[in-house]
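Close look at the chain arrangement
Read off the chains here:
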Amino acid sequence: MNARGFYTLFWKELLRFYKVMLQTVIAPVITTLLYLLVFSHALGRHVVVYGQIEYTAFLIPGLVMMTIIQNAFANTSSSLIQSKVAGNIVFMLLAPLSYLELYLAFVCAAMVRGLTVGLGVYLCALPFVSLPIHSLAAVILFALVGSALLATLGMIAGIWAEKFDQLAGFQNFVVMPLIFLSGVFYSIHSLPEIWQVASRFNPFFYMIDGFRYGFFGVSDIDPRISIAAVAIFLAILIVFTVGLLRRGYRLRN
Amino acid sequence: MTLSTDMTDAVNVSNVSKRYGTVHALNDVNLTIARGEFFGLLGPNGAGKSTLINIIAGLTLTDSGNVGVMGYDVVDDYREARRRLGLVPQELVFDAFFTVREVLKIQAGYFGLGRENDDWIDELLAELMLTDKADSNMRALSGGMKRRVLIAQALVHKPDVVVLDEPTAGVDVEVRRLLWRFIRRLHGDGHTVILTTHYLEEAEALCDRIAILNHGTVIALDTKQGLLDSDIGKMVTVRIVSDHPVTHVPDSIADKVRNINGNTMTLEIRRDKDSISDVLGTLTRSGIRINDLHTERADLEDVFLQLAYRNAR
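Each value, and the rule that gives it
- Residues numbered from 1 in each chain as written.
- Chains lettered and ligands numbered in written order.
- Predicted model: local features only at pLDDT ≥ 70, side-chain atom pairs only at ≥ 80, totals over all residues.
- pLDDT = per-residue confidence, 0-100.
- Helix = DSSP H or I, 4+ residues; strand = E, 2+ residues; numbered from the N terminus.
- Contact = placed C-beta atoms within 7 Å.
- Buried ≥ 20, exposed ≤ 12 C-beta atoms within 10 Å, placed from the backbone.
- Pairing = 2+ DSSP bridges.
- Axes fitted to C-alpha atoms, helices over the stretch in contact; angles between N-to-C directions.
- Parallel < 35°, antiparallel > 145°, perpendicular 65-115°, else oblique.
- Left-handed = near helix turned anticlockwise from the far one by under 90°.
- Nonpolar A, V, L, I, M, F, W, Y, C, P; charged D, E, K, R; others polar.

**Topic: the confidence of the model for chain B**
Residue and element names in this part refer to chain B. In the predicted model, chain B carries a mean pLDDT of 88, and the fraction of residues at 70 or more is 93%. Element-level mean pLDDT values for chain B span from 66 in helix H10 (residues 300-312) up to 97 in helix H3 (residues 100-110). Overall, residues 1-5 carries pLDDT values under 50, and its contacts beyond four positions in sequence, including any with other chains, amount to 16 contacts. Overall fold confidence for the complex sits at a pTM of 0.85, while the interface term, ipTM, reaches 0.90.

Below is the structure:
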(Lines give C-alpha, C1' and ligand atoms only; values in the text may rest on other atoms or scores of the structure.)
Protein backbone atom coordinates (compact mmCIF):
# COMPACT_ATOMS: atom_id res chain seq x y z
CA MET A 1 0.00 0.00 0.00
CA ASN A 2 1.41 3.38 -1.02
CA ALA A 3 -0.36 5.36 1.72
CA ARG A 4 1.52 8.60 1.13
CA GLY A 5 1.00 8.29 -2.63
CA PHE A 6 -2.75 7.89 -2.08
CA TYR A 7 -2.83 10.79 0.37
CA THR A 8 -0.84 13.01 -2.02
CA LEU A 9 -3.23 12.38 -4.90
CA PHE A 10 -6.20 12.94 -2.59
CA TRP A 11 -4.65 16.18 -1.31
CA LYS A 12 -3.80 17.32 -4.85
CA GLU A 13 -7.41 16.79 -5.90
CA LEU A 14 -8.59 18.79 -2.89
CA LEU A 15 -6.16 21.63 -3.72
CA ARG A 16 -7.35 21.58 -7.31
CA PHE A 17 -10.87 22.64 -6.35
CA TYR A 18 -9.81 24.68 -3.31
CA LYS A 19 -7.67 26.94 -5.53
CA VAL A 20 -10.72 27.84 -7.63
CA MET A 21 -13.22 27.83 -4.79
CA LEU A 22 -15.30 30.64 -6.24
CA GLN A 23 -16.12 28.44 -9.21
CA THR A 24 -16.22 25.06 -7.48
CA VAL A 25 -17.88 25.80 -4.14
CA ILE A 26 -19.39 29.28 -3.87
CA ALA A 27 -20.98 29.44 -7.33
CA PRO A 28 -22.88 26.13 -6.98
CA VAL A 29 -24.14 27.18 -3.54
CA ILE A 30 -25.47 30.46 -4.96
CA THR A 31 -27.05 28.71 -7.98
CA THR A 32 -28.82 26.21 -5.74
CA LEU A 33 -30.09 28.95 -3.44
CA LEU A 34 -31.54 30.67 -6.51
CA TYR A 35 -33.43 27.45 -7.33
CA LEU A 36 -34.71 27.46 -3.77
CA LEU A 37 -35.74 31.10 -3.95
CA VAL A 38 -37.62 30.73 -7.23
CA PHE A 39 -39.36 27.43 -6.49
CA SER A 40 -40.27 28.31 -2.91
CA HIS A 41 -41.78 31.63 -4.01
CA ALA A 42 -43.65 30.09 -6.91
CA LEU A 43 -44.93 26.98 -5.15
CA GLY A 44 -44.15 27.29 -1.44
CA ARG A 45 -47.56 28.52 -0.34
CA HIS A 46 -49.59 26.30 -2.67
CA VAL A 47 -48.04 22.86 -2.31
CA VAL A 48 -47.91 20.56 0.69
CA VAL A 49 -46.10 17.24 0.41
CA TYR A 50 -46.70 14.01 2.36
CA GLY A 51 -49.81 15.76 3.74
CA GLN A 52 -47.92 17.94 6.23
CA ILE A 53 -44.58 19.15 4.92
CA GLU A 54 -44.31 22.64 3.52
CA TYR A 55 -42.95 22.57 -0.05
CA THR A 56 -39.93 24.79 0.73
CA ALA A 57 -38.84 22.44 3.48
CA PHE A 58 -39.48 19.42 1.23
CA LEU A 59 -37.37 21.02 -1.49
CA ILE A 60 -34.25 21.69 0.58
CA PRO A 61 -33.04 18.07 1.07
CA GLY A 62 -33.60 17.44 -2.64
CA LEU A 63 -31.59 20.49 -3.59
CA VAL A 64 -28.84 19.67 -1.08
CA MET A 65 -28.55 16.14 -2.47
CA MET A 66 -28.65 17.43 -6.05
CA THR A 67 -25.79 19.79 -5.22
CA ILE A 68 -23.78 17.06 -3.53
CA ILE A 69 -24.03 14.65 -6.42
CA GLN A 70 -23.58 17.26 -9.17
CA ASN A 71 -20.37 18.53 -7.59
CA ALA A 72 -19.02 15.08 -6.80
CA PHE A 73 -19.54 14.18 -10.46
CA ALA A 74 -18.00 17.44 -11.66
CA ASN A 75 -14.85 17.02 -9.58
CA THR A 76 -13.74 13.62 -10.82
CA SER A 77 -14.89 14.07 -14.40
CA SER A 78 -13.37 17.53 -14.89
CA SER A 79 -10.10 16.59 -13.22
CA LEU A 80 -9.63 13.56 -15.43
CA ILE A 81 -10.63 15.18 -18.71
CA GLN A 82 -8.49 18.26 -18.02
CA SER A 83 -5.48 16.09 -17.18
CA LYS A 84 -6.04 13.96 -20.27
CA VAL A 85 -6.46 16.90 -22.64
CA ALA A 86 -3.52 18.83 -21.12
CA GLY A 87 -1.41 15.66 -21.02
CA ASN A 88 -0.34 16.05 -17.39
CA ILE A 89 -2.14 12.82 -16.52
CA VAL A 90 1.19 11.10 -17.29
CA PHE A 91 2.58 12.21 -13.92
CA MET A 92 -0.12 10.28 -12.11
CA LEU A 93 0.15 7.29 -14.43
CA LEU A 94 3.93 7.12 -13.89
CA ALA A 95 3.45 6.93 -10.13
CA PRO A 96 3.53 3.65 -8.19
CA LEU A 97 -0.15 3.89 -7.31
CA SER A 98 -2.49 0.91 -7.50
CA TYR A 99 -5.77 1.07 -9.38
CA LEU A 100 -7.65 1.08 -6.09
CA GLU A 101 -5.49 3.89 -4.66
CA LEU A 102 -6.14 5.97 -7.77
CA TYR A 103 -9.85 5.28 -7.56
CA LEU A 104 -10.14 6.05 -3.84
CA ALA A 105 -8.07 9.25 -3.99
CA PHE A 106 -10.21 10.70 -6.78
CA VAL A 107 -13.50 9.62 -5.25
CA CYS A 108 -12.70 10.76 -1.70
CA ALA A 109 -11.66 14.23 -2.91
CA ALA A 110 -14.82 14.49 -5.01
CA MET A 111 -16.91 13.46 -2.02
CA VAL A 112 -15.32 16.23 0.05
CA ARG A 113 -16.24 18.79 -2.60
CA GLY A 114 -19.79 17.48 -2.98
CA LEU A 115 -20.37 17.38 0.77
CA THR A 116 -18.82 20.84 1.27
CA VAL A 117 -21.13 22.42 -1.30
CA GLY A 118 -24.12 20.47 0.03
CA LEU A 119 -23.37 21.61 3.57
CA GLY A 120 -23.05 25.17 2.29
CA VAL A 121 -26.52 25.02 0.73
CA TYR A 122 -27.99 23.47 3.87
CA LEU A 123 -26.47 26.10 6.19
CA CYS A 124 -27.51 28.99 3.94
CA ALA A 125 -31.08 27.67 3.71
CA LEU A 126 -31.52 27.05 7.46
CA PRO A 127 -32.32 30.66 8.47
CA PHE A 128 -35.25 30.75 6.04
CA VAL A 129 -37.04 27.50 6.83
CA SER A 130 -37.54 25.15 9.73
CA LEU A 131 -36.02 21.81 8.76
CA PRO A 132 -36.19 18.86 11.14
CA ILE A 133 -33.68 16.02 11.18
CA HIS A 134 -35.40 12.70 11.80
CA SER A 135 -32.29 10.52 11.42
CA LEU A 136 -28.87 12.11 11.21
CA ALA A 137 -27.41 8.69 10.44
CA ALA A 138 -29.63 8.35 7.35
CA VAL A 139 -28.73 11.88 6.23
CA ILE A 140 -25.00 11.18 6.52
CA LEU A 141 -25.23 7.68 5.05
CA PHE A 142 -27.16 8.74 1.95
CA ALA A 143 -24.93 11.81 1.50
CA LEU A 144 -21.80 9.65 1.64
CA VAL A 145 -23.06 6.89 -0.61
CA GLY A 146 -24.67 9.32 -3.07
CA SER A 147 -21.54 11.42 -3.39
CA ALA A 148 -19.39 8.29 -3.79
CA LEU A 149 -21.74 7.02 -6.49
CA LEU A 150 -21.66 10.19 -8.56
CA ALA A 151 -17.92 10.63 -8.03
CA THR A 152 -17.50 7.14 -9.45
CA LEU A 153 -19.79 7.92 -12.36
CA GLY A 154 -17.70 11.07 -12.93
CA MET A 155 -14.59 8.92 -13.11
CA ILE A 156 -16.19 6.72 -15.74
CA ALA A 157 -17.21 9.79 -17.73
CA GLY A 158 -13.74 11.35 -17.35
CA ILE A 159 -12.00 8.15 -18.43
CA TRP A 160 -14.36 7.59 -21.36
CA ALA A 161 -14.47 11.16 -22.70
CA GLU A 162 -11.66 12.26 -24.96
CA LYS A 163 -13.03 15.74 -25.57
CA PHE A 164 -14.83 18.28 -23.41
CA ASP A 165 -17.98 18.07 -25.52
CA GLN A 166 -18.21 14.31 -24.95
CA LEU A 167 -18.12 14.99 -21.23
CA ALA A 168 -20.75 17.72 -21.63
CA GLY A 169 -22.89 15.19 -23.52
CA PHE A 170 -22.57 12.67 -20.69
CA GLN A 171 -23.48 15.35 -18.18
CA ASN A 172 -26.42 16.79 -20.12
CA PHE A 173 -27.91 13.62 -21.58
CA VAL A 174 -27.29 11.15 -18.75
CA VAL A 175 -26.67 12.83 -15.41
CA MET A 176 -28.96 15.86 -15.60
CA PRO A 177 -32.08 13.98 -16.78
CA LEU A 178 -31.53 11.35 -14.08
CA ILE A 179 -31.22 14.09 -11.45
CA PHE A 180 -34.23 16.08 -12.61
CA LEU A 181 -36.39 12.95 -12.89
CA SER A 182 -35.31 11.63 -9.50
CA GLY A 183 -37.73 13.58 -7.32
CA VAL A 184 -35.56 16.54 -6.39
CA PHE A 185 -38.51 18.89 -6.94
CA TYR A 186 -41.45 16.56 -6.28
CA SER A 187 -42.62 13.37 -4.63
CA ILE A 188 -43.07 10.58 -7.18
CA HIS A 189 -46.55 10.01 -5.73
CA SER A 190 -47.57 13.19 -7.51
CA LEU A 191 -46.64 11.59 -10.87
CA PRO A 192 -48.85 9.44 -13.14
CA GLU A 193 -48.53 5.70 -12.43
CA ILE A 194 -46.28 4.99 -15.41
CA TRP A 195 -43.77 7.66 -14.34
CA GLN A 196 -43.81 6.35 -10.80
CA VAL A 197 -42.77 2.96 -12.16
CA ALA A 198 -40.15 4.54 -14.43
CA SER A 199 -38.72 6.48 -11.47
CA ARG A 200 -37.98 3.23 -9.67
CA PHE A 201 -35.46 2.37 -12.41
CA ASN A 202 -33.63 5.61 -11.71
CA PRO A 203 -30.93 4.99 -9.07
CA PHE A 204 -30.80 8.71 -8.29
CA PHE A 205 -34.38 8.53 -7.04
CA TYR A 206 -33.33 6.21 -4.19
CA MET A 207 -30.56 8.62 -3.14
CA ILE A 208 -32.89 11.61 -3.00
CA ASP A 209 -35.73 9.71 -1.37
CA GLY A 210 -33.52 8.12 1.29
CA PHE A 211 -31.78 11.42 2.01
CA ARG A 212 -35.13 13.15 2.41
CA TYR A 213 -36.25 10.37 4.75
CA GLY A 214 -33.35 11.36 7.02
CA PHE A 215 -34.95 14.77 7.47
CA PHE A 216 -38.67 14.03 7.62
CA GLY A 217 -38.94 10.35 8.51
CA VAL A 218 -41.26 10.02 5.52
CA SER A 219 -40.34 8.78 2.07
CA ASP A 220 -41.82 7.43 -1.13
CA ILE A 221 -40.35 3.99 -0.45
CA ASP A 222 -38.74 2.16 2.45
CA PRO A 223 -35.29 3.73 3.11
CA ARG A 224 -33.79 0.26 3.62
CA ILE A 225 -34.69 -0.56 0.04
CA SER A 226 -33.22 2.76 -1.03
CA ILE A 227 -29.88 2.20 0.66
CA ALA A 228 -29.70 -1.32 -0.72
CA ALA A 229 -30.45 -0.10 -4.25
CA VAL A 230 -27.86 2.69 -4.04
CA ALA A 231 -25.23 0.39 -2.48
CA ILE A 232 -25.71 -2.24 -5.18
CA PHE A 233 -25.48 0.36 -7.92
CA LEU A 234 -22.37 1.83 -6.31
CA ALA A 235 -20.75 -1.61 -6.02
CA ILE A 236 -21.40 -2.29 -9.71
CA LEU A 237 -19.88 1.07 -10.68
CA ILE A 238 -16.83 0.51 -8.45
CA VAL A 239 -16.11 -2.87 -10.04
CA PHE A 240 -16.58 -1.36 -13.50
CA THR A 241 -14.37 1.68 -12.79
CA VAL A 242 -11.53 -0.27 -11.18
CA GLY A 243 -11.75 -2.62 -14.18
CA LEU A 244 -11.32 0.35 -16.54
CA LEU A 245 -8.31 1.56 -14.55
CA ARG A 246 -6.79 -1.92 -14.50
CA ARG A 247 -7.18 -2.28 -18.26
CA GLY A 248 -5.84 1.23 -18.78
CA TYR A 249 -8.88 1.98 -20.91
CA ARG A 250 -8.27 5.31 -22.69
CA LEU A 251 -5.51 6.06 -20.19
CA ARG A 252 -2.60 3.75 -20.94
CA ASN A 253 -2.63 3.69 -24.72
CA MET B 1 8.23 -10.05 -5.33
CA THR B 2 8.67 -11.66 -8.73
CA LEU B 3 11.91 -10.84 -10.46
CA SER B 4 10.92 -11.25 -14.05
CA THR B 5 14.02 -10.13 -15.88
CA ASP B 6 17.74 -10.21 -15.52
CA MET B 7 18.69 -8.14 -12.48
CA THR B 8 21.88 -6.98 -14.16
CA ASP B 9 19.95 -5.13 -16.89
CA ALA B 10 18.59 -1.66 -16.40
CA VAL B 11 15.95 -2.23 -19.08
CA ASN B 12 15.01 -5.43 -20.80
CA VAL B 13 12.60 -5.33 -23.74
CA SER B 14 11.61 -8.80 -24.85
CA ASN B 15 9.58 -9.60 -27.98
CA VAL B 16 7.47 -6.48 -27.64
CA SER B 17 4.82 -5.81 -30.27
CA LYS B 18 2.21 -3.09 -30.36
CA ARG B 19 -0.42 -2.36 -32.97
CA TYR B 20 -2.69 0.64 -33.40
CA GLY B 21 -5.42 -0.59 -35.72
CA THR B 22 -3.60 -1.82 -38.81
CA VAL B 23 -0.38 0.02 -38.00
CA HIS B 24 2.44 -1.98 -36.41
CA ALA B 25 3.94 0.61 -34.08
CA LEU B 26 6.39 -1.99 -32.73
CA ASN B 27 7.19 -5.30 -34.28
CA ASP B 28 8.83 -7.92 -32.06
CA VAL B 29 11.35 -5.52 -30.52
CA ASN B 30 14.15 -6.95 -28.39
CA LEU B 31 16.52 -4.66 -26.54
CA THR B 32 18.70 -4.83 -23.48
CA ILE B 33 20.14 -1.74 -21.83
CA ALA B 34 22.84 -2.28 -19.24
CA ARG B 35 23.00 -0.50 -15.91
CA GLY B 36 24.86 2.77 -16.09
CA GLU B 37 24.66 2.91 -19.86
CA PHE B 38 23.94 6.09 -21.86
CA PHE B 39 21.64 4.72 -24.52
CA GLY B 40 20.33 6.55 -27.57
CA LEU B 41 17.11 5.70 -29.36
CA LEU B 42 16.96 7.17 -32.83
CA GLY B 43 14.53 6.94 -35.68
CA PRO B 44 12.45 9.06 -38.01
CA ASN B 45 9.02 10.36 -37.00
CA GLY B 46 6.58 7.49 -36.53
CA ALA B 47 9.38 4.94 -36.12
CA GLY B 48 7.95 3.76 -32.79
CA LYS B 49 10.40 5.50 -30.41
CA SER B 50 7.75 7.15 -28.24
CA THR B 51 5.63 3.99 -28.20
CA LEU B 52 8.63 2.03 -26.95
CA ILE B 53 9.46 4.69 -24.35
CA ASN B 54 5.84 4.75 -23.17
CA ILE B 55 5.80 0.96 -22.86
CA ILE B 56 9.00 1.01 -20.82
CA ALA B 57 7.44 3.67 -18.57
CA GLY B 58 4.18 1.71 -18.24
CA LEU B 59 2.15 4.43 -19.98
CA THR B 60 1.20 2.11 -22.82
CA LEU B 61 0.39 -1.58 -22.54
CA THR B 62 1.93 -4.05 -25.00
CA ASP B 63 -0.02 -6.41 -27.24
CA SER B 64 2.65 -9.04 -26.57
CA GLY B 65 6.06 -9.30 -24.97
CA ASN B 66 7.51 -8.13 -21.65
CA VAL B 67 9.47 -5.19 -20.37
CA GLY B 68 11.54 -5.12 -17.20
CA VAL B 69 13.07 -2.12 -15.45
CA MET B 70 15.93 -2.95 -13.05
CA GLY B 71 14.63 -6.52 -12.95
CA TYR B 72 10.99 -5.70 -12.30
CA ASP B 73 8.25 -6.34 -14.82
CA VAL B 74 6.50 -3.07 -15.69
CA VAL B 75 3.06 -4.73 -15.49
CA ASP B 76 3.33 -7.42 -12.81
CA ASP B 77 5.70 -5.48 -10.54
CA TYR B 78 4.61 -2.03 -11.63
CA ARG B 79 5.19 -0.37 -8.25
CA GLU B 80 8.85 -1.43 -8.09
CA ALA B 81 9.45 -0.79 -11.79
CA ARG B 82 7.96 2.72 -11.61
CA ARG B 83 9.96 3.61 -8.49
CA ARG B 84 13.11 2.94 -10.48
CA LEU B 85 12.21 4.93 -13.57
CA GLY B 86 11.86 8.64 -14.29
CA LEU B 87 10.42 9.85 -17.58
CA VAL B 88 10.77 13.26 -19.14
CA PRO B 89 7.91 13.37 -21.64
CA GLN B 90 8.32 14.88 -25.07
CA GLU B 91 5.41 17.33 -24.79
CA LEU B 92 5.56 20.33 -22.46
CA VAL B 93 2.80 19.05 -20.21
CA PHE B 94 2.05 20.67 -16.88
CA ASP B 95 -0.66 21.14 -14.29
CA ALA B 96 -1.77 24.76 -14.48
CA PHE B 97 -3.17 24.75 -10.93
CA PHE B 98 0.18 24.54 -9.17
CA THR B 99 3.51 26.27 -8.59
CA VAL B 100 6.84 24.67 -9.49
CA ARG B 101 7.53 23.63 -5.89
CA GLU B 102 4.02 22.24 -5.44
CA VAL B 103 4.37 20.21 -8.63
CA LEU B 104 7.64 18.69 -7.39
CA LYS B 105 6.33 17.98 -3.89
CA ILE B 106 3.21 16.34 -5.32
CA GLN B 107 5.29 14.19 -7.66
CA ALA B 108 7.56 13.17 -4.77
CA GLY B 109 4.48 12.38 -2.69
CA TYR B 110 3.18 9.99 -5.35
CA PHE B 111 6.38 8.03 -4.82
CA GLY B 112 5.88 7.94 -1.06
CA LEU B 113 8.32 10.76 -0.28
CA GLY B 114 7.53 13.60 2.10
CA ARG B 115 9.43 16.38 3.82
CA GLU B 116 12.59 14.27 3.96
CA ASN B 117 12.82 14.85 0.20
CA ASP B 118 12.65 18.67 0.40
CA ASP B 119 16.45 19.11 0.36
CA TRP B 120 16.67 17.09 -2.84
CA ILE B 121 13.92 19.22 -4.40
CA ASP B 122 15.89 22.36 -3.47
CA GLU B 123 19.00 20.82 -5.00
CA LEU B 124 17.18 19.99 -8.21
CA LEU B 125 15.76 23.50 -8.41
CA ALA B 126 19.24 24.95 -7.97
CA GLU B 127 20.89 22.58 -10.47
CA LEU B 128 18.28 23.37 -13.09
CA MET B 129 18.37 27.11 -12.33
CA LEU B 130 14.77 27.20 -11.17
CA THR B 131 15.20 28.36 -7.58
CA ASP B 132 13.84 31.84 -8.26
CA LYS B 133 10.82 30.32 -10.02
CA ALA B 134 9.99 27.82 -7.28
CA ASP B 135 6.88 29.69 -6.19
CA SER B 136 5.75 30.72 -9.68
CA ASN B 137 2.74 29.10 -11.25
CA MET B 138 3.62 26.68 -14.05
CA ARG B 139 1.69 28.85 -16.51
CA ALA B 140 4.09 31.73 -15.91
CA LEU B 141 7.17 29.82 -17.09
CA SER B 142 8.84 29.93 -20.48
CA GLY B 143 9.11 26.78 -22.62
CA GLY B 144 12.71 26.18 -21.54
CA MET B 145 11.79 26.50 -17.87
CA LYS B 146 8.85 24.13 -18.26
CA ARG B 147 11.24 21.64 -19.87
CA ARG B 148 13.56 21.92 -16.86
CA VAL B 149 10.65 21.40 -14.47
CA LEU B 150 9.76 18.23 -16.37
CA ILE B 151 13.31 16.99 -15.84
CA ALA B 152 13.12 17.83 -12.13
CA GLN B 153 9.80 15.97 -11.90
CA ALA B 154 11.36 12.90 -13.48
CA LEU B 155 14.23 12.97 -10.98
CA VAL B 156 12.34 13.89 -7.85
CA HIS B 157 12.27 10.29 -6.60
CA LYS B 158 15.93 9.60 -7.54
CA PRO B 159 15.22 6.89 -10.12
CA ASP B 160 17.93 4.51 -11.35
CA VAL B 161 16.82 4.84 -14.96
CA VAL B 162 16.08 8.20 -16.54
CA VAL B 163 14.27 8.29 -19.87
CA LEU B 164 14.41 11.55 -21.77
CA ASP B 165 12.10 11.76 -24.75
CA GLU B 166 13.56 14.52 -26.93
CA PRO B 167 14.54 16.70 -23.96
CA THR B 168 16.11 19.47 -26.00
CA ALA B 169 13.36 19.83 -28.61
CA GLY B 170 12.47 23.49 -29.04
CA VAL B 171 14.88 24.91 -26.47
CA ASP B 172 17.48 27.56 -27.17
CA VAL B 173 21.21 26.87 -27.38
CA GLU B 174 21.91 28.03 -23.83
CA VAL B 175 19.26 25.76 -22.31
CA ARG B 176 20.40 22.89 -24.52
CA ARG B 177 23.96 23.23 -23.21
CA LEU B 178 22.65 23.40 -19.62
CA LEU B 179 20.60 20.25 -20.19
CA TRP B 180 23.51 18.42 -21.82
CA ARG B 181 25.70 19.28 -18.86
CA PHE B 182 23.02 18.15 -16.43
CA ILE B 183 22.31 14.89 -18.29
CA ARG B 184 26.04 14.11 -18.43
CA ARG B 185 26.20 14.68 -14.67
CA LEU B 186 23.28 12.31 -14.14
CA HIS B 187 25.08 9.66 -16.14
CA GLY B 188 28.28 10.37 -14.22
CA ASP B 189 26.39 9.85 -10.97
CA GLY B 190 25.53 6.32 -12.08
CA HIS B 191 22.07 6.76 -13.59
CA THR B 192 21.17 4.76 -16.65
CA VAL B 193 20.11 7.31 -19.25
CA ILE B 194 17.91 6.56 -22.25
CA LEU B 195 17.67 9.41 -24.71
CA THR B 196 15.54 9.80 -27.79
CA THR B 197 16.44 12.69 -29.98
CA HIS B 198 16.11 14.07 -33.47
CA TYR B 199 19.44 15.84 -33.11
CA LEU B 200 22.00 13.30 -34.25
CA GLU B 201 24.85 15.47 -33.03
CA GLU B 202 23.25 15.15 -29.59
CA ALA B 203 23.24 11.35 -29.77
CA GLU B 204 26.79 11.39 -31.11
CA ALA B 205 27.97 13.69 -28.33
CA LEU B 206 26.22 11.90 -25.45
CA CYS B 207 25.37 8.26 -26.12
CA ASP B 208 27.54 5.17 -25.67
CA ARG B 209 25.24 2.83 -27.53
CA ILE B 210 22.51 3.52 -30.04
CA ALA B 211 19.48 1.71 -31.41
CA ILE B 212 17.91 2.92 -34.63
CA LEU B 213 14.22 2.17 -35.00
CA ASN B 214 12.27 2.34 -38.22
CA HIS B 215 8.72 1.15 -38.90
CA GLY B 216 8.61 -0.38 -35.43
CA THR B 217 11.70 -2.53 -35.98
CA VAL B 218 15.23 -2.19 -34.61
CA ILE B 219 17.32 -1.79 -37.75
CA ALA B 220 20.64 -1.12 -36.02
CA LEU B 221 21.90 -1.64 -32.49
CA ASP B 222 25.52 -1.00 -31.73
CA THR B 223 27.92 1.20 -29.86
CA LYS B 224 28.33 4.67 -31.29
CA GLN B 225 31.82 3.75 -32.44
CA GLY B 226 30.53 0.50 -33.89
CA LEU B 227 28.03 2.40 -36.03
CA LEU B 228 30.68 4.90 -37.10
CA ASP B 229 33.01 2.01 -37.96
CA SER B 230 30.35 0.28 -40.06
CA ASP B 231 30.62 0.23 -43.85
CA ILE B 232 28.60 3.44 -44.04
CA GLY B 233 30.53 5.03 -41.21
CA LYS B 234 33.88 4.34 -42.85
CA MET B 235 33.03 6.41 -45.91
CA VAL B 236 34.92 9.64 -46.49
CA THR B 237 33.60 12.16 -48.98
CA VAL B 238 36.38 13.93 -50.90
CA ARG B 239 35.55 16.97 -53.01
CA ILE B 240 38.23 18.40 -55.25
CA VAL B 241 38.17 21.53 -57.33
CA SER B 242 40.35 21.50 -60.44
CA ASP B 243 41.56 24.46 -62.50
CA HIS B 244 39.85 22.98 -65.58
CA PRO B 245 36.53 21.23 -66.07
CA VAL B 246 36.98 17.53 -65.27
CA THR B 247 36.36 15.52 -68.46
CA HIS B 248 38.00 12.19 -67.72
CA VAL B 249 38.66 9.97 -64.73
CA PRO B 250 41.26 7.20 -64.48
CA ASP B 251 39.63 3.74 -64.62
CA SER B 252 41.27 2.69 -61.34
CA ILE B 253 39.22 5.19 -59.33
CA ALA B 254 36.13 5.46 -61.57
CA ASP B 255 34.03 3.40 -59.10
CA LYS B 256 34.71 5.96 -56.37
CA VAL B 257 33.42 8.96 -58.28
CA ARG B 258 29.95 10.01 -57.16
CA ASN B 259 29.52 13.25 -59.02
CA ILE B 260 31.28 15.55 -61.51
CA ASN B 261 30.03 19.08 -61.94
CA GLY B 262 32.29 21.31 -64.08
CA ASN B 263 35.53 21.81 -62.17
CA THR B 264 34.27 19.96 -59.10
CA MET B 265 34.45 16.23 -58.58
CA THR B 266 33.07 14.34 -55.55
CA LEU B 267 34.46 10.95 -54.60
CA GLU B 268 33.56 8.53 -51.83
CA ILE B 269 36.33 6.36 -50.46
CA ARG B 270 36.64 3.88 -47.61
CA ARG B 271 38.88 4.92 -44.74
CA ASP B 272 39.90 1.33 -44.04
CA LYS B 273 40.63 0.24 -47.61
CA ASP B 274 41.61 3.28 -49.65
CA SER B 275 44.23 5.93 -49.19
CA ILE B 276 43.33 9.53 -49.91
CA SER B 277 46.90 10.31 -50.96
CA ASP B 278 46.87 7.39 -53.45
CA VAL B 279 43.60 8.62 -54.96
CA LEU B 280 44.89 12.18 -55.20
CA GLY B 281 48.15 10.91 -56.74
CA THR B 282 46.21 8.97 -59.38
CA LEU B 283 44.20 12.10 -60.22
CA THR B 284 47.32 14.25 -60.43
CA ARG B 285 49.12 11.73 -62.66
CA SER B 286 46.12 11.72 -65.00
CA GLY B 287 46.57 15.45 -65.53
CA ILE B 288 43.94 16.82 -63.14
CA ARG B 289 45.42 19.73 -61.21
CA ILE B 290 43.87 20.12 -57.79
CA ASN B 291 43.27 23.72 -56.66
CA ASP B 292 41.14 22.99 -53.61
CA LEU B 293 40.34 19.93 -51.51
CA HIS B 294 37.63 19.23 -48.96
CA THR B 295 37.16 15.99 -46.99
CA GLU B 296 34.25 14.99 -44.80
CA ARG B 297 34.01 11.86 -42.66
CA ALA B 298 30.67 10.12 -42.41
CA ASP B 299 28.96 10.95 -39.15
CA LEU B 300 26.06 9.42 -37.31
CA GLU B 301 23.64 11.33 -39.49
CA ASP B 302 25.00 9.60 -42.63
CA VAL B 303 24.75 6.22 -40.94
CA PHE B 304 21.23 6.98 -39.76
CA LEU B 305 20.05 8.28 -43.15
CA GLN B 306 21.57 5.38 -45.05
CA LEU B 307 20.05 2.80 -42.73
CA ALA B 308 16.66 4.46 -42.61
CA TYR B 309 16.65 4.88 -46.39
CA ARG B 310 17.70 1.27 -47.01
CA ASN B 311 15.00 0.10 -44.63
CA ALA B 312 12.37 2.26 -46.30
CA ARG B 313 13.18 0.64 -49.65
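Still more to cover.
**Observations regarding the pairing of strand E6 (residues 85-88) of chain B**
Residues and elements named next belong to chain B. Of the two faces of E6, the one lined by Leu85 and Leu87 and the one lined by Gly86 and Val88 are each fully buried. By the bridge criterion, four bridges tie E6 to strand E7 (residues 161-165) in an arrangement that is parallel. Residue pairing in the sheet places Gly86 in a bridge with Val162 of E7.

**A few points about helix H1 (residues 49-56) of chain B**
Residues and elements named next belong to chain B. Counted residue by residue, H1 has eight buried out of eight residues, so it is predominantly covered. Taken together, the buried positions of H1 are occupied by Lys49, Ser50, Thr51, Leu52, Ile53, Asn54, Ile55 and Ile56. In the stretch just after H1, Gly58 is the one whose phi turns positive, near 80 degrees.

**As for the packing of helix H9 (residues 203-216) of chain A against helix H10 (residues 223-247) of chain A**
Residues and elements named next belong to chain A. Running from N to C, H9 and H10 point in directions that differ by 135 degrees, and their axes come no closer than 9 Å. Judged on the interaxial angle alone, H10 and H9 are oblique. Crossing hand, H9 versus H10: left-handed. Taking contact as the criterion, the partners of Pro203, Tyr206, Met207, Asp209, Gly210 and Tyr213 in H9 are, on H10, Pro223, Ser226, Ile227, Ala229, Val230 and Phe233. Along the lines of polarity and charge, the residues of the contact of H9 with H10 split into nine nonpolar, two polar and one charged.

**So, the environment of Gln23 of chain A**
Residue and element names in this part refer to chain A. With respect to the helices and strands, Gln23 occurs in helix H2 (residues 21-43). Here Gln23 falls in the exposed class, since 10 other C-beta atoms lie within 10 Å of it. For the pair Gln23 and Ile140, spaced 117 residues apart in sequence, the C-alpha separation works out to 25 Å.

**What to know about the sheet that holds strand E12 (residues 257-261) of chain B**
All names here are of chain B. Spatial ordering of the open sheet is given by E12-E13-E11-E14, a layout of four strands whose pairing is antiparallel. In this open sheet, the two strands that pair with only one neighbour each are E12 and strand E14 (290-297). Across the sheet, the mean angle separating the axes of adjacent strands is 15 degrees when strand polarity is ignored. Sheet strands touched by helix H9 (residues 276-285): strand E11 (235-242), strand E13 (264-270) and E14. Its angle to E14, the strand with the most contacts, is close to 150 degrees.

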